[in-house]
Amino acid sequence: MHHVFISMDPGIDDALALLIALKCKNIKIEGISASYGNAPLEDTFRNSRDILSMFDREDIKVYKGAKKPLVDQPRFPGDVHGKNGINELQIPSSKAPVEKKDSFDAIYSAAKRLKGELELVMLGPSTDFALLYLRYPDITKYIKKIYIMGGALLGGNRSPQAEFNIFADPVSSEMLFDSNIKIYMFPLDVTMSSFFTEEELQEIIKTDNKAGRFIGDLTTNIMDFYLTHTGKKYFYFHDGCPLIYLENPSLFKGYNCTVKVESYGKLTYGKTICDLDSDIKFAGKKNAKVFLQVKREEFFSFCKDKFSSY
Ligand code: RIB
Ligand code: CA
């Protein structure tokens, strides 16, 4: 059983990733930290609560995480996920009590309670981790592993060299990779192969259950965004990858290596540099396992099966 605390910025793919995780037998969600990223914190916090309420899971608590990056100001991509983070949908408000504790205290108490079994899943900027680490430097003793959607060995989607989550706060991402906690990294190199075609997405929507209808409402615009930016009308399920790996690791192939983050470069700001294919390796122990391949057809069938089970 994976006891996980999920930091996310819903966000359309975050929302679908949460629906998948709720149906995974090997995943117990110990809590959710809502972070700025795809939208401001107040939107991602509300979205996290309301999505859990929509799927009758108000038993899972949502806490407020980071409001902005450690350095610089947040830059919200309103055109991808909508200004409110969920394609401008207005969904019923959660009636769950609003948690007074913030994410950092909540994660630390869960980590101590689970005596080193807690794992973090990061689906947005790394700021939540950095703020947790700054408040509780001994957290590294209690976090087993961290699984992130983020980074790009080749290319980028926020700049020609950087992926959105890392670009949002490279200083925090540097702290994450230098923390001595093993990082399981799902960069664009694998998430851009972890997609649903337009027809496959329609198959999911046409199951016409609560999940299918919600996914249909969420994805009316993002497919055209991807068509414009990638030339393919595919749904790239970036944030599904780390969680689906926890339930079915055989779908992905990963490689041990060292990853560093560029937090100063003019053109390379937010770049994740990996020594996997270099004959010059970074010194010290390998800090990451980077996943580069996915069995896409099986990945889609896995997701369709989970969404159909609602
Ligand atoms: O680059 C993709 C990542 O940025 C995903 O986490 C998506 O939700 C956005 O936050
Ligand atoms: Ca995200």
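Look up a bit, the structure's there.
Computed from a predicted structure; not experimentally measured.

## Let's talk about the pattern of salt bridges
For step 1, the next point in the chain: The tally for this structure, following the rule as stated, stands at 17 salt bridges.
For step 2, the next point in the chain: Between Arg-57 and Asp-59 there is a salt bridge, with the nearest N and O atoms lying 2.8 Å from each other.
For step 3, the next point in the chain: Overlapping salt bridges, with partners in common, bring together Lys-28, Glu-30 and Arg-113 in one network.

## Examining the site of ligand 1
For step 1, the next point in the chain: Around ligand 1 lies a shell of 13 residues, among which Asp-13, Leu-123, Asn-157, Glu-163 and Asp-239 are the nearest.
For step 2, the next point in the chain: Between ligand 1 and the protein, one listed contact pairs an oxygen atom with a side-chain N or O atom of Asp-9 at 3.2 Å.
For step 3, the next point in the chain: Measuring from an oxygen atom of ligand 1, one finds a side-chain N or O atom of Asp-239 at 2.6 Å.
For step 4, the next point in the chain: The pocket occupied by ligand 1, as judged from atoms lying within 2 Å of grid points, is the largest pocket.
For step 5, the next point in the chain: For the shell around ligand 1, the elements supplying multiple residues, two or more each, are α1 (12–21) and α6 (164–168).
For step 6, the next point in the chain: In terms of residue class, the shell around ligand 1 is built from 3 nonpolar, 5 polar and 5 charged.

## Observations concerning unusual backbone geometry
For step 1, the next point in the chain: Going from Pro-10 to Gly-11, the amide bond is cis rather than trans, its omega being -25°.
For step 2, the next point in the chain: Tracing the sequence through the fold places Gly-11 in the loop between β1 (2–8) and α1.
For step 3, the next point in the chain: Positioned with a positive phi, Glu-88 is a non-glycine residue whose angle comes to about 65°.
For step 4, the next point in the chain: Even without glycine at this site, Lys-115 takes up a positive phi of about 45°.

## What about the coordination of the calcium ion (ligand 2)?
Geometry reference: four tetrahedral donors at a metal, ideal angle 109.5 degrees. Six octahedral donors, ideal angles 90 or 180 degrees.
For step 1, the next point in the chain: Binding of the calcium ion (ligand 2) to the protein goes through Asp-9 (OD), Asp-14 (OD), Asp-14 (OD), Leu-123 (O) and Asp-239 (OD), at separations of 2.2 to 2.7 Å.
For step 2, the next point in the chain: Linear spacing of the donor residues for the calcium ion (ligand 2) on their chain is D-x4-D-x108-L-x115-D. Of this pair, Asp-14 sits in helix α1 while Leu-123 sits in the loop between β4 (118–122) and α5 (127–135); the two residues are 109 residues apart in sequence, bridging distant segments of the chain. Like Leu-123, Asp-14 is buried.

## Thoughts on the side chain of Ser-126
For step 1, the next point in the chain: Structurally, Ser-126 is set in the loop between β4 and α5.
For step 2, the next point in the chain: Residue classification places Ser-126 among the buried residues on the basis of a relative accessible area of 4%.
For step 3, the next point in the chain: At 2.8 Å, the side chain of Ser-126 forms a polar contact with the side chain of Ser-173.
For step 4, the next point in the chain: Residues in contact with Ser-126, not counting those within four places in the same chain, are Asn-165, Ile-166, Ser-172, Ser-173 and Leu-176.

Procedures and definitions
Residues numbered from 1 in each chain as written. Chains lettered and ligands numbered in written order. Predicted model: local features only at pLDDT ≥ 70, side-chain atom pairs only at ≥ 80, totals over all residues. Heavy atoms only, no water. Salt bridge = Lys/Arg side-chain N within 4 Å of Asp/Glu carboxyl O. Near = heavy atom within 4 Å. Polar contact = N/O pair within 3.5 Å; in protein donor to acceptor, adjacent residues only side chain to side chain. 1 Å grid on protein atoms, 1.4 Å probe; cavity = no way out; pocket = protein on both sides within 12 Å on 5 of 7 lines; lining within 4 Å. Sits in = over half its atoms within 2 Å of the grid points. Helix = DSSP H or I, 4+ residues; strand = E, 2+ residues; numbered from the N terminus. Nonpolar A, V, L, I, M, F, W, Y, C, P; charged D, E, K, R; others polar. Donors = N, O, S within 2.8 Å, 3.2 Å for Na, K, Ca; no water. Buried < 20%, exposed > 50% of the residue type's maximum accessible area, 1.4 Å probe, protein only. Contact = heavy atoms within 4.5 Å.

Everything listed here is a matter of geometry and, on its own, says nothing about what the molecule does.
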